[in-house]
2 protein chains.
Amino acid sequence: MNASPKTVAVVGSGALGSYYGAKLARQGADVRFLMRADLEAVRRDGLTVREKGAEWKVPAQAFGSTGEIGPVDLVVIGLKTTANADLERLIPPLLHEKTLLLTLQNGLGNEELLAQQWGAERVLGGLCFVCLNRVAPGVIEYYGHGTLSLGEFGRAPMERTQAIGAMFSESGVETHVVEDLITERWRKLVWNIPFNGLSIATGGRTCDLLLADDGLRAQVRGLMAETIAAAGALGHAIPESFIDYQIERTYSMGPYKPSSMIDWQLGRAVEVESIWGEPWRQGNAAGVGLPRLELLYQMLRQVTSR
Amino acid sequence: MNASPKTVAVVGSGALGSYYGAKLARQGADVRFLMRADLEAVRRDGLTVREKGAEWKVPAQAFGSTGEIGPVDLVVIGLKTTANADLERLIPPLLHEKTLLLTLQNGLGNEELLAQQWGAERVLGGLCFVCLNRVAPGVIEYYGHGTLSLGEFGRAPMERTQAIGAMFSESGVETHVVEDLITERWRKLVWNIPFNGLSIATGGRTCDLLLADDGLRAQVRGLMAETIAAAGALGHAIPESFIDYQIERTYSMGPYKPSSMIDWQLGRAVEVESIWGEPWRQGNAAGVGLPRLELLYQMLRQVTSR
C-alpha cells in the first residue's frame, strides 16, 4: 500500500481516538469507529468537536465490534494501554494482508506488542501532544496543542509513512514524520516519568509545586538522568542538556496537572506499565542502574491499584 | 552522679513516656510527668497500665510545665521527634549542673540535638522495642515486647549508664546496656526505613504485603542495602547478612502495621526527619549514593504534610 489508506478503523474511541478520527472523517476519509458506551449517541448524532471557541459535527460510522467493521487499510489505536490485553481479540477482524497498525498510545512497549502478534512490518507509532477531554457522549473538547509525531517501528520513514502523515496534515493535524520513533518516545518519557510519577507519589502535587521544592526538584532531575541513561544504553542518545531544557519549559507551564495525575484523581486506570514499568524493564535488561525509577514504579503499581 | 538518679522528669508523656515513667514510679522512684491533655485526669487518678491481662495503677506527680517540675537528676524524653523544636523551651528549667538527658525517641539526630544545646556529656539514648497505645487519658495499654537498649552518646557505657540501666531493670523493663548506641540506631533504621516508609508510600500496605510482592520486596532490600552503606560510611559497620535476617524475621510478623503507618492513617504527625531525613542527610554528607532513600524521603515529606 503506497497510496493513502482508503479505509480507517479507530480502536479505542476515547477523546484521543475520537478527535483524530473525527478530523480524518471531516476531511472525507472512510473512518469506522469502534465504540462502547457512546455507540448509540454517536450513531444518532455523530461526533462533535469543540475547539477554539467553535463547534463542529461530523457524521460517524460507529460499530459495537471490530467484526462488524471488518478489514481496513489502517487501524488507529487510541486505547488506554491498561486495556492492551483486549487487542488480541479486537485486532484480527480488522486485518487484511496489508493492514497497517498505528498506535497513538502512551509510553513504551505498544509497538512491540503489535509487532509480536501481527508482524513488525505493519507497525507504526505516533506521539500525540494534545489536550483533550470527552465532555459528553460523542462530544470532545479540545484545549490546545495537537501535533502528531509519526514514525515507523524500527525503520526509517517510508513512502507509506509520508502518505499517512499527509492524510493527517490535510485533516488539520500538524504532523511531523520522525526518523526514529522510539527515541522520540524516550524523549517524551524524560518528562512523563518524573512529572506524571511524582505528581501521584506526592499525593497530587502539580508541576509548579514539584519544581518549587528543592528536594523534589532534585528527584525530578534524578529521574530524568536515569531515563536518559536507560535510553542511551538502548541506542537512543539524548543529551544531558535536555534536562535543563525540560525543567525550564515546565516552569512556564505553571500549576499543570500531568495526565496520569488526572486519571488517578478521577479513579481511572493509570498507565503504569507503559510509562514506568516497561522503561524500567528495558533499561534494567540493558544493565543500567535505575534505583529511583524502580522504586517509583513499584510504588505507583500499588497506589494506583484500587 | 554515679548512683541512680534520685529525681526523674518525663517530658513527652505519651504512651511511651507514661509507660516507662509509670514503671519507674511503681518501683518507688520520684518521677515527675510533664502532661498536657491528660494533666487533670492523671492528677486525679494517677496512671493506669494494662498489661498481660491485668491492670495496675500508680499515683503520678503530673505538672503542666517544666518550670513547675524544676531541676531533676534525669530527664527521660519521649516526645515525638516532630515536636523537637519545643525542647529548647522545655529542657532548661529541668537542668542542674549534672542533669542527664535520656532520649527514647525514634531515629537519628535526637542525641545530636540535645548535645548541641546542653552538652554532649549529659546525653544518653535508648531504643525502645515495645508495643503500646494510650487508650484513654492516663491509661496505657501494653501489647508486648518492652526491651530497652540503653547507651551513651559517642562514648562507651560508664558507671552511670549501668546505674540507669539497673533502675529500669529493677522496675521490670528488660534493659540492655549497649556499647555503641548509634550503631544500634542504624540497625533499627535498617528495618524502619523500608517498612515504615513503603507502608505509607504504597498507600497503606502491611509488612506481609510488602514482602509478598517481588517488586516491592526488591525495594525493601534495596533500601536496607542503602541504609547499611550509609551506616558503614559513618563508622557503624552492619554486615550485609543482616538484610536476610531482617527479611526472615519480618515474614513471621504477618500483617504488621509499622508505627509510622498507624500515625499516618490516624492523621498524626509522622517522624519523617528523624527516620528518613537525617539518615539521608548524614549518609549523603559522607558521600554515599542513596537514591532510593532520597526519593522515598522526599515523597514522604509531601504525603505526610497534610
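The rules behind these values
- Residues numbered from 1 in each chain as written.
- Chains lettered and ligands numbered in written order.
- Predicted model: local features only at pLDDT ≥ 70, side-chain atom pairs only at ≥ 80, totals over all residues.
- Heavy atoms only, no water.
- Helix = DSSP H or I, 4+ residues; strand = E, 2+ residues; numbered from the N terminus.
- Polar contact = N/O pair within 3.5 Å; in protein donor to acceptor, adjacent residues only side chain to side chain.
- Salt bridge = Lys/Arg side-chain N within 4 Å of Asp/Glu carboxyl O.
- Buried < 20%, exposed > 50% of the residue type's maximum accessible area, 1.4 Å probe, protein only.
- Domains from an automatic or database assignment.
- Buried area = accessible area lost by both parts, 1.4 Å probe.
- Nonpolar A, V, L, I, M, F, W, Y, C, P; charged D, E, K, R; others polar.
- Contact = heavy atoms within 4.5 Å.
- Phe/Tyr/Trp six-rings, centres within 6.5 Å; stacked < 30°, edge-to-face > 60°.
- Pairing = 2+ DSSP bridges.
- Right-handed = clockwise from strand over helix to strand, strands pointing away.
- Core = buried A, V, L, I, M, F, W, Y, C linked by side-chain atoms within 4.5 Å.
- Least-squares fit on C-alpha atoms with pLDDT ≥ 70 in both.

Residue and element names in this part refer to chain B. Residue placement: Gln-61 occurs in strand E5 (residues 61–63). Each C-alpha atom of the pair Gln-61 and Gly-277 lies 36 Å from the other, and the pair is 216 residues apart in sequence. At 2.8 Å, the side chain of Gln-61 forms a polar contact with the side chain of Asp-30. From its side chain, Gln-61 meets the backbone oxygen of Val-31 in a polar contact 3.3 Å long.

To continue, consider the pattern of salt bridges. Residues and elements named next belong to chain A. Taken as a whole and judged by the stated rule, the model has 40 salt bridges over all chains. Salt-bridge contacts for Arg-43 lead to Glu-40; the nearest nitrogen and oxygen are separated by 4.0 Å. One end of the pair, Arg-43, and the other, Glu-40, are both in helix H2 (residues 39–45), three residues apart, so they sit about a helical turn from each other. On the basis of relative accessibility, which here comes to 44%, the residue Arg-43 falls in the partly exposed class. Overall, the relative accessible area of 52% leaves Glu-40 in the exposed class.

Residues and elements named next belong to chain A. Examined at the domain level, chain A breaks down into domain 1 (7–179) and domain 2 (183–305). When each unit is reduced to the centre of its C-alpha atoms, the spacing between domain 1 and domain 2 is 26 Å. When domain 1 packs against domain 2, the two sides together hide about 1,400 Å² of surface, and 52% of this comes from carbon and sulfur. Contact with domain 2 buries area across many residues of domain 1, yet Lys-80, Leu-108 and Leu-127 alone supply 44% of it, more than any other trio. The interface formed by domain 1 and domain 2 holds two salt bridges in total. For Glu-111, the salt bridge is made with Arg-185, and the minimal N-O distance between the two is 2.8 Å. Contributions of two or more residues to the side of domain 1 that touches domain 2 are made by helix H5 (110–118) and strand E8 (123–136). The biggest single contributor to the side of domain 1 that touches domain 2 is E8, with six residues. Taken together, the residues of the side of domain 1 that touches domain 2 break down into five nonpolar, 11 polar and three charged.

Now for the interface of chain A and chain B. For interface size, the figure often reported is the accessible area lost on association. Counting residues at the interface gives 22 residues for chain A and 22 residues for chain B. Summing both sides of the interface, chain A and chain B together bury roughly 1,900 Å²; the carbon and sulfur share of this comes to 59%. Counting across the chain A and chain B interface gives four salt bridges. Among the salt bridges present, the one from Asp-213 of chain B reaches Arg-301 of chain A, with a minimum N-O distance of 2.6 Å. The tally of links between chain A and chain B comes to 10 residue pairs in polar contact (both at pLDDT 80 or more). Elements represented by at least two residues in the side of chain A that touches chain B include exactly helix H7 (181–201), helix H9 (214–233) and helix H13 (291–303) of chain A. In terms of residue count, the dominant contributor to the side of chain A that touches chain B is H13 of chain A (10 residues). When its residues are assigned to classes, the side of chain A that touches chain B shows 10 nonpolar, seven polar and five charged.

This part takes up the packing of aromatic side chains. Enumeration over the complete set of coordinates arrives at 14 aromatic pairs over all chains. Note on Trp-191 of chain A and Tyr-256 of chain A: the rings are 6.1 Å apart at their centroids and 70° apart in plane angle, and the pair reads as edge-to-face. Here Trp-191 of chain A is found in helix H7, whereas its partner Tyr-256 of chain A is found in the loop between helix H10 (241–251) and helix H11 (259–265), with 65 residues between them in sequence. You can call Trp-191 of chain A buried: its relative accessible area is 8%. When its relative accessible area of 31% is taken as the criterion, Tyr-256 of chain A is described as partly exposed. Relative to Phe-168 of chain B, the ring of Tyr-20 of chain B lies with its centre 6.2 Å away and its plane at 80°, an arrangement referred to as edge-to-face. Separated by 148 residues along the polypeptide, Tyr-20 of chain B in helix H1 (residues 15–26) and Phe-168 of chain B in helix H6 (residues 159–170) bring together distant segments of the chain.

What follows deals with the pairing of strand E2 (residues 30–34) of chain B. In the case of a regular strand, side chains alternate between the two sheet surfaces. Residue and element names in this part refer to chain B. With four of five residues buried, E2 is to be regarded as a mostly interior element. Taken together, the four bridges between strand E1 (residues 7–11) and E2 define a ladder with parallel strand orientation. The residue of E2 that forms the bridge with Val-8 is Val-31. Running through H1, the crossover from E1 to the neighbouring parallel element E2 is right-handed. Relative to E5, E2 runs parallel, the two being bridged by three bridges. Of the residues in E5, the one forming a bridge with Leu-34 is Phe-63.

One finds Trp-276 and Leu-296 of chain A together with Trp-276 and Leu-296 of chain B to be the most contacted residues of the largest nonpolar core, which totals 125 residues. For Trp-276 of chain A, the residues in contact, after removing those within four places along its chain, are Asn-192, Ile-193, Asn-196, Gly-197, Ser-260, Val-270, Glu-271, Leu-293, Leu-296, Tyr-297 and Leu-300 of chain A. One finds Phe-33, Leu-47, Leu-74 and Leu-132 of chain A within the second-largest nonpolar core, a separate group that totals 37 residues.

To continue, consider the relation of the copies chain A and chain B. At an RMSD of 0.1 Å, chain A and chain B line up after a rotation of 180° and a shift of 0.0 Å along the axis. A rotation of that kind, with that shift, is consistent with a two-fold axis. Closest approach to the rotation axis within chain A is made by the C-alpha atom of Arg-292 of chain A, at a distance of 2.7 Å. In this assembly the copies share their binding face: 100% of the residues contributing to the interface of chain A also contribute to that of chain B.

Before going further, it helps to examine the environment of Gln-246 of chain B. Residues and elements named next belong to chain B. Of note, Gln-246 is situated in helix H10 (residues 241–251). Given a relative accessible area of 5%, Gln-246 falls into the buried group. Linking Gln-246 and Arg-268, residues 22 residues apart in sequence, is a C-alpha distance of 27 Å. Residue contacts for Gln-246: discarding those within four places in its chain leaves Arg-187, Trp-191 and Met-224.

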